[in-house]
Amino acid sequence: MSPAPVRVALLGRGTVGREVMRLLVEQADELAARVGAPVELAGVAVRRAHRHTDVPAELLTTDASGLVSRPDVDVVVEVIGGIEPARGLLLDALKAGRAVVTANKALLAEDGATLAEAANASGADLYYEASVAGAIPLLRPLRESLVGDKITRVAGIVNGTTNYILSAMAEHGTGYREALEKATELGFAEADPTADVDGLDAQAKAAILASLAFHTRVTAADVYCEGISSVTAADLVAAKAVGCTVKLLAICERVVTPGGEAGEGESVSARVYPAMIPASHPLASVGEAYNAVFVEAEAAGQLMFYGQGAGGAPTASAVLGDLVAVARNRVAGGHGPRESAYASLPIQPMGRIPTRYHISLAVQDRAGVLATIAGLFARHEVSIATVRQDMTARQMGARGARLVIVTHAAPDAALAATVAALGELDQVFGVDRVLRVENLGRPVSALGVA
Ligand code: HSE
């Protein structure tokens, strides 16, 4: 007797949905061979049917809820994005025991726990490789391959659109607006690209990565987030001048607190912000919409994952990988890994995380100014690593000079308070630029600081 087909409901037919459908049709024979049963489309739910005249009419529906609850559907693939109606549809599917494959990082980062609980209760599979870093297999390595190890850090570039913009600005001098338009045209950006440039997309991905890496529920609200809209061409020039480049980083770390008032223990830091990194760091050469993520684990050491992090076909590749996995589980009568949140580590607020700042400020050029500024850093217990005066009084105007100060690591709150206090000094005309500096475990030799 030939095995019963695995029937798939596809929710959404945008940039990713189209590619998922194409691959499902074009690779039907191979997929059937790999799964051990045919994988068939049961239906495709879209918002506006008239835009999808190339889809056979019997597959097309605008009733997503009706499609999800059809008894002949085994797997629901969701690529519509956003919180609702996706959440309601996926909860209905999971409660009914249907496997779910989703690319919906916003939903997973906001309410992944509810989805996971529904999946646990019914025994249904919940897979979401496509939600982070497009085609790059990253979640499965965290969930399965590295699950015997202790992960200490997951850090890198997880947003293709902002990487495309920053790379175009730094390498070709492209304007911010123009670069964003191009990234949107190429299908990298979210439906609302402010989710990319404000860092929200990377924030959601960081929450998902931290949850998996540290066996702890981390939501988007737990992830400190700054986007790239304040990064200027002048920032990129300043970074280049000291042998660095600027990248939007997502950093998830296991923090070990050695004693003190709060007591010894482990916690989690998850954060997203643009930062200067040495041009010699492998992340500096990640261009266009590519993503790259370093995973560090106690036994494995450092691993690097690199590839296409955005776009229809790359993201569809990850969706199809999950689809084959859940279909195989169905055919074999098993299920994939469940949510693992047993560690339940506390989340560290950003203010307590040690970071380093690169600060550029316009100051009076006369005796004692540097001493006053150094005193202010000392009062905030922030150690200065390097100071450079990169503009003479003549270039700045009669009374001014530009100082560029790079700090050693200090709690982020102390650095932020130092910058605020600098702005209040009579001797300071203005704080022009503040960027964090990250060495991601390597010496920042470019800045003369080990
Ligand atoms: N807008 C996202 C990006 C798509 O630019 O990375 C992939 O999640």
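Residues numbered from 1 in each chain as written. Predicted model: local features only at pLDDT ≥ 70, side-chain atom pairs only at ≥ 80, totals over all residues. Heavy atoms only, no water.

Student: Quick one: what's the story with the overall build of the protein chain, residue by residue and with numbers?
Tutor: Counting its secondary structure elements, the protein chain contains 15 helices and 17 strands. Relative to the globule expectation of 22 Å for 450 residues, the C-alpha radius of gyration of the protein chain, 25 Å, shows essentially globular dimensions. Taken along its principal axes, the extent of the C-alpha atoms in the protein chain is 90 × 50 × 30 Å. Relative to its 450 residues, the protein chain shows a buried fraction of 54%. Considering only contacts within the protein chain whose residues lie at least 6 apart along the sequence, 74% involve residues at least 24 apart. Working note: accessible area of the protein chain is about 19,000 Å², and carbon and sulfur atoms make up 52% of it. Of the side chains in the protein chain, 39 bear a positive and 49 a negative charge, and the two mean positions are spaced by 3 Å. (Helix = DSSP H or I, 4+ residues; strand = E, 2+ residues; numbered from the N terminus. Rg over C-alpha atoms; globule rule 2.2 N^0.38 Å. Buried < 20%, exposed > 50% of the residue type's maximum accessible area, 1.4 Å probe, protein only. Contact = heavy atoms within 4.5 Å. Areas by Shrake-Rupley, 256 points an atom, 1.4 Å probe, with all protein chains shown as cover. Lys, Arg positive; Asp, Glu negative; His and termini not counted. Charge placed at Lys NZ, Arg CZ, Asp CG, Glu CD.)

Student: Let's hear about the domain arrangement of the protein chain: which residues, and what values?
Tutor: According to the domain assignment, the protein chain consists of domain 1 (6-134 + 313-332), domain 2 (139-309) and domain 3 (351-437). Computed over C-alpha atoms, the centres of domain 1 and domain 3 are 52 Å apart. (Domains from an automatic or database assignment.)

Student: A description of the nonpolar core should follow, citing residues and the corresponding values.
Tutor: In this structure, Val76, Leu138, Ile151, Val154, Leu209 and Val295 are the most contacted members of the largest nonpolar core, which totals 77 residues. Counting residues per element, this core draws most heavily on helix α10 (residues 200-214), which supplies 10 residues. Looking at which domains feed residues into this core, each of domain 1 (6-134 + 313-332) and domain 2 (139-309) supplies at least three. Residue contacts for Val295: discarding those within four places in its chain leaves Leu138, Leu142, Leu146, Ile151, Arg153, Val154, Gly301, Gln302, Leu303 and Phe305. If you look at the next biggest cluster of nonpolar residues, it comprises 35 residues, including Leu23, Val77, Ala99 and Ala316. (Core = buried A, V, L, I, M, F, W, Y, C linked by side-chain atoms within 4.5 Å.)

Student: Could you give an account of the pattern of salt bridges, with specific residues and numbers?
Tutor: Per the stated rule, a full pass over the model turns up 26 salt bridges. Note that Glu110 and Arg87 form a salt bridge whose closest N and O atoms lie 4.0 Å from each other. Here the residue Glu110 occupies a position in helix α5 (residues 105-122), and Arg87 occupies one in helix α4 (residues 86-95), the gap between them amounting to 23 residues. Looking at Glu110, the relative accessible area reads 46%, which means it is partly exposed. Among the charged side chains, a network of salt bridges with common partners joins Arg7, Glu40, Arg70 and Asp72. (Salt bridge = Lys/Arg side-chain N within 4 Å of Asp/Glu carboxyl O.)

Student: Give me the side chain of Arg436: which residues, what numbers.
Tutor: Its place among the elements puts Arg436 in strand β17 (residues 428-437). Arg436 gets classed as buried once you look at its relative accessible area, which sits at 6%. A polar contact is formed between the side chain of Arg436 and the side chain of Tyr224, at a distance of 3.5 Å. A distance of 3.1 Å separates polar atoms of two side chains, one belonging to Arg436 and the other to Glu226. In contact with Arg436, not counting residues within four places along its chain, are Tyr224, Glu226, Tyr273, Pro274, Ala275, Met276, Met350, Thr355, Arg356, Tyr357 and Asp412. (Polar contact = N/O pair within 3.5 Å; in protein donor to acceptor, adjacent residues only side chain to side chain.)

Student: Which residues make up the sheet that holds strand β4 (residues 75-78), and what values do they have?
Tutor: Two modes of strand pairing occur in sheets, parallel and antiparallel, and in both the strands are linked by backbone hydrogen bonds. On the basis of which strands lie adjacent, the open sheet formed by six strands has the order β3-β2-β1-β4-β5-β6 and parallel pairing. Each of the sheet's edge strands pairs with one partner strand only, and the pair in question is β3 (60-61) and β6 (126-127). Across two bridges, the pairing between strand β2 (residues 39-45) and β3 is parallel. Of the residues in β3, the one forming a bridge with Ala45 is Thr61. (Pairing = 2+ DSSP bridges.)

Student: Any chance you could break down the packing of aromatic side chains for me, citing the residues and the numbers?
Tutor: Evaluation of the coordinates by the stated rule reveals two aromatic pairs. Taking 5.9 Å as the distance between ring centres and 55 degrees as the angle between the ring planes, the aromatic pair formed by Tyr164 and Phe188 counts as tilted. Pair noted here: Tyr164 is in helix α7 (residues 160-172) and Phe188 is in the loop between α8 (176-185) and α9 (194-197), with a separation of 24 residues, a long-range link. Exposure remark for Phe188: the relative accessible area of 19% places this residue in the buried category. Measuring from ring centre to ring centre gives 5.3 Å for Tyr290 and Tyr306, while their planes differ by 10 degrees; the resulting arrangement is stacked. Taken as a pair, Tyr290 in strand β11 (residues 290-297) and Tyr306 in strand β12 (residues 301-308) lie far apart in primary sequence, 16 residues in all. Here the basic side chain of Arg143 rests over the ring of Tyr127, its NZ or CZ set 5.4 Å away from the ring centre. Against the face of Tyr273 rests Arg436, its NZ or CZ located 4.4 Å from the ring centre. (Phe/Tyr/Trp six-rings, centres within 6.5 Å; stacked < 30°, edge-to-face > 60°. Lys NZ or Arg CZ within 6 Å of the ring centre and 35° of its normal.)

Student: For α4, give the residues involved together with the corresponding values.
Tutor: Within the sequence span of α4, burial applies to Ala86, Leu89, Leu90, Leu91, Ala93 and Leu94. In the core, the buried residues of α4 are packed alongside β1 (6-11), α3 (64-68), β4, β5 (99-102) and α5. After α4 finishes, the residue Gly97 shows a positive phi value of roughly 85 degrees.

Student: For the pairing of strand β15 (residues 400-407), give the residues involved together with the corresponding values.
Tutor: Where burial is concerned, most of β15 is hidden: eight out of the eight residues are buried. Both strand β13 (residues 354-364) and β15 contribute to a ladder of seven bridges, which runs antiparallel. Bridging across to β15, Ser360 finds its partner in Val404.

Student: Go over the site of the ligand with me, naming the residues and quoting the values.
Tutor: With respect to spatial proximity, the complete set of residues near the ligand consists of Lys105, Asn159, Gly160, Thr161, Phe188, Ala189, Glu190, Asp196, Asp201, Lys205, Gly309 and Ala310. Here an oxygen atom of the ligand sits 2.8 Å away from a polar atom, N or O, in the side chain of Lys205. Burial of the ligand by the protein amounts to 94% of the accessible area it has alone, namely 250 Å². At the level of secondary structure, the elements contributing two or more residues to the shell around the ligand comprise α7 and α10. By residue class, the composition of the shell around the ligand is three nonpolar, four polar and five charged. (Near = heavy atom within 4 Å. Nonpolar A, V, L, I, M, F, W, Y, C, P; charged D, E, K, R; others polar.)

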